[in-house]
Amino acid sequence: MLVISAQHYLEGQILLIDKPYEWSSFQALNAVKWAIRKKFDLNKKFKIGHAGTLDPLATGLLVICTGKFTKKIPELQGQIKEYTGTVTLGATTPSYDLETEVDHTYPTSHIKEQDIQEILPNFIGKIEQQPPLFSALKKDGKRLYEYAREGKQVEIKSRVIEIHTFEITRFDMPEIDFRVVCSKGTYIRSLAHDFGKALNSGAHLTMLRRTKIGDFNVSKAVTPEVFRQNLEGNG
């Protein structure tokens, strides 16, 4: 087995990490950073960063760049992404996912699988999307989720994103599994919320997994703990 040295990480590596459920992207990045620093006794100037945040309740692919490869992060962030997940119909939450409690319930008895297939084309291509209030986007120097937690309403501008693929992989009311291929800046939580409205009901995201970023696939990724174990056992 090739022993990766400190110089490899300083020169630049791209690491594929499978972010665990309820971990923040920062926690996952930090676990990898400390494992590398401990193994090779690197100083605080060691560069490391990730190409695209995942919500704590999401799992899946986190692309981490080290050393000189941190310059590649903007390019990687712009890559097309693929997600799989579950939308639960009949209820909404303020965060559009399970971070907050259900605030409204809606009827679902009128929804048939054919209805869902008929509205899917409305979500393909370039569409306007409003980011959720519970997000890390900034307005007037403050994170939107900070306004949300204070119970303050703020105006959020919609933006154009692109959905390349949106398909239903399981229909088992009130749950619907999906696969989405989309552009940078797409909020799958907002997609779930808008999907519910299009069905004259409500919906929120109950599971999300990022499976691809560009040509990188989560099937080649390891958890932060496995990364640490592999690093400690390497050399």
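To be clear, the structure that these remarks concern was listed above.
Residues numbered from 1 in each chain as written. Predicted model: local features only at pLDDT ≥ 70, side-chain atom pairs only at ≥ 80, totals over all residues. Heavy atoms only, no water.

Attention now moves to the overall build of the protein chain. For the protein chain, the count of helices and strands is 7 helices and 13 strands. Expected size for 235 residues packed as a compact globule is a radius of gyration near 18 Å; at 20 Å, the protein chain falls within 12% of this value. When the backbone C-alpha atoms are referred to their principal axes, the protein chain occupies close to 60 × 40 × 30 Å. A buried classification covers 46% of the 235 residues belonging to the protein chain. Within the protein chain, contacts between residues separated by at least 24 positions form 70% of all contacts whose residues are at least 6 apart in sequence. Accessible surface, the protein chain as shown: approximately 12600 Å² in total, 50% of it carbon and sulfur. Put simply, the protein chain has 32 plus and 28 minus side-chain charges, and the middle of one group is 11 Å from the middle of the other. (Helix = DSSP H or I, 4+ residues; strand = E, 2+ residues; numbered from the N terminus. Rg over C-alpha atoms; globule rule 2.2 N^0.38 Å. Buried < 20%, exposed > 50% of the residue type's maximum accessible area, 1.4 Å probe, protein only. Contact = heavy atoms within 4.5 Å. Areas by Shrake-Rupley, 256 points an atom, 1.4 Å probe, with all protein chains shown as cover. Lys, Arg positive; Asp, Glu negative; His and termini not counted. Charge placed at Lys NZ, Arg CZ, Asp CG, Glu CD.)

Looking now at the packing of helix 2 (residues 25–40) against helix 7 (residues 224–232). Closest axis-to-axis distance for the helix 2/helix 7 pair is 9 Å, and the angle between their directions is 10°. Here helix 7 runs roughly parallel to helix 2, going by the angle between their axes. The residues of helix 7 that touch helix 2, namely those facing Ala 28, Ala 31, Val 32, Ala 35, Ile 36, Lys 38, Lys 39 and Phe 40, are Pro 224, Phe 227, Arg 228, Leu 231 and Glu 232. Classifying every residue of the contact of helix 2 with helix 7 by side-chain character gives 9 nonpolar, no polar and 4 charged. (Axes fitted to C-alpha atoms, helices over the stretch in contact; angles between N-to-C directions. Parallel < 35°, antiparallel > 145°, perpendicular 65-115°, else oblique. Nonpolar A, V, L, I, M, F, W, Y, C, P; charged D, E, K, R; others polar.)

The buried count for strand 11 (residues 175–182) comes to 6 of 8 residues, which makes it a mostly enclosed element. Direction of pairing for strand 4 (residues 81–89) relative to strand 11: antiparallel, over a ladder of 8 bridges. Bridge pairing in strand 11 links Thr 84 to Arg 179. Bridge analysis of strand 10 (residues 159–172) against strand 11 gives 8 bridges, and the strand direction is antiparallel. In the strand pairing of strand 11, Phe 166 is matched with Val 180. Where strand 10 hands over to strand 11, the hairpin turn is made up of 2 residues, counted between the paired strands. (Pairing = 2+ DSSP bridges.)

Here we come to the packing of aromatic side chains. For the structure shown, the criterion picks out 5 aromatic pairs. Within the aromatic cluster, the residues linked to one another by ring pairs are Phe 123, Phe 166, Phe 178 and Phe 195. Arg 37 extends its terminal NZ or CZ atom over the ring of Trp 34, reaching a point 4.4 Å from the ring centre. Just above the ring of Phe 69 sits the side chain of Lys 72; from NZ or CZ to the centre is 4.9 Å. (Phe/Tyr/Trp six-rings, centres within 6.5 Å; stacked < 30°, edge-to-face > 60°. Lys NZ or Arg CZ within 6 Å of the ring centre and 35° of its normal.)

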